[in-house]
Amino acid sequence: MGGVGAGSITKLANQMIVAINIAAISEAFSLAKKAGVDPENVYQAIRSGLAGSVVMDQKSEKIFHGDFTPGFRIELHIKDLQNAFDTSHGVNVSAPFTSLAMEIMQSLRSRGHDKDDHSGIAKRYEMVNNFKLQ
């Protein structure tokens, strides 16, 4: 990866991308649901296109089944994002999308969902939009 610490930076970059990706997926599926389109159909239509990703493939099924049993817990993702903030701010890099993902996870933690899988980010969208994605 590079010099000392490059692997740690790579991990932080990964965690930022994963959190933002799950939030984007949850938001897009919420739009579909509220507009009367089955989110699972949207997933099937877009998964092999540019919007598709390993994150989408792995987390969509959990979201659609309301299965937030932990794989990677929200509380651990919060820890990693805090490290990403500390590092990015230390080198004067703005991270607004990471900030939003962190706030979503913090709101879930405040409601007792910190032990849920990070795909539970979808719960925040369910709460504010008053519906279930299942």
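Up top is the structure these notes are about.
Residues numbered from 1 in each chain as written. Predicted model: local features only at pLDDT ≥ 70, side-chain atom pairs only at ≥ 80, totals over all residues. Heavy atoms only, no water.

## Some points on helix 3 (residues 54-65)
No. 1: Over its 12 residues, helix 3 extends 18 Å from the first C-alpha to the last, a length consistent with the 16 Å expected when each residue adds 1.5 Å.
No. 2: For helix 3, the set of buried residues is Val55, Met56, Lys59, Ser60, Lys62, Ile63 and Phe64.
No. 3: Against helix 1 (6-34), helix 2 (39-46) and helix 6 (121-129) lie the buried residues of helix 3.
No. 4: Looking one or two places after helix 3, you find glycine 66, whose phi comes out positive at around 60°. (Helix = DSSP H or I, 4+ residues; strand = E, 2+ residues; numbered from the N terminus. Expected span 1.5 Å × (residues − 1). Buried < 20%, exposed > 50% of the residue type's maximum accessible area, 1.4 Å probe, protein only. Contact = heavy atoms within 4.5 Å.)

## Regarding the pattern of salt bridges
No. 1: Going through the model one piece at a time under the given rule, you end up with 9 salt bridges.
No. 2: With a shortest N-O distance of 2.5 Å, lysine 123 and aspartate 116 are connected by a salt bridge.
No. 3: Among the residues examined, lysine 123 registers a relative accessible area of 16% and is labelled buried.
No. 4: For aspartate 116, a relative accessible area of 15% puts it in the buried group.
No. 5: Measuring nitrogen to oxygen at the nearest pair gives 4.0 Å for the salt bridge that ties glutamate 126 to lysine 132.
No. 6: By relative accessible area, which is 5% here, glutamate 126 ends up buried.
No. 7: The exposure class assigned to lysine 132 is exposed, which follows from its relative accessible area of 52%. (Salt bridge = Lys/Arg side-chain N within 4 Å of Asp/Glu carboxyl O.)

## Looking at helix 6
No. 1: Of the residues making up helix 6, those classed as buried are Ile121, Ala122, Lys123, Tyr125 and Glu126.
No. 2: Those residues of helix 6 that are buried lie in contact with helix 1, helix 3 and helix 5 (96-110).
No. 3: Residue asparagine 130 follows helix 6 closely and has a positive phi angle near 60°.

## Concerning the side chain of glutamate 126
No. 1: With respect to the helices, strands and loops of the structure, glutamate 126 is situated in helix 6.
No. 2: A distance of 2.8 Å separates the side chain of glutamate 126 from the backbone nitrogen of leucine 133, its partner in a polar contact.
No. 3: Beyond its immediate chain neighbours, meaning those up to four positions away, glutamate 126 contacts Phe131, Lys132, Leu133 and Gln134. (Polar contact = N/O pair within 3.5 Å; in protein donor to acceptor, adjacent residues only side chain to side chain.)

## Some remarks on the packing of helix 1 against helix 6
No. 1: Where helix 1 meets helix 6, the axes come as close as 8 Å, and the angle between the chain directions of the two elements is 35°. Considering the relative orientation of helix 1 and helix 6, their crossing is right-handed. Contacts between helix 1 and helix 6 involve Ala19, Ile22, Ala23, Ser26, Glu27, Ser30 and Lys34 from the first element and Ile121, Ala122, Tyr125 and Asn129 from the second.
No. 2: A breakdown of the residues in the contact of helix 1 with helix 6 according to their chemical character gives 6 nonpolar, 3 polar and 2 charged. (Axes fitted to C-alpha atoms, helices over the stretch in contact; angles between N-to-C directions. Left-handed = near helix turned anticlockwise from the far one by under 90°. Nonpolar A, V, L, I, M, F, W, Y, C, P; charged D, E, K, R; others polar.)

## Topic: unusual backbone geometry
No. 1: In this structure, asparagine 92 takes a positive phi of about 60° despite not being glycine.
No. 2: In this structure, asparagine 92 sits in the loop between helix 4 (74-90) and helix 5.
No. 3: Accessibility expressed as a relative area gives 72% for asparagine 92, which makes it exposed.
No. 4: Of note, asparagine 130 is a non-glycine position whose phi angle comes to about 60°, a positive value.
No. 5: In this fold, asparagine 130 is placed in the segment after helix 6.

Take it as geometry only, folks, not as evidence of what the structure does.
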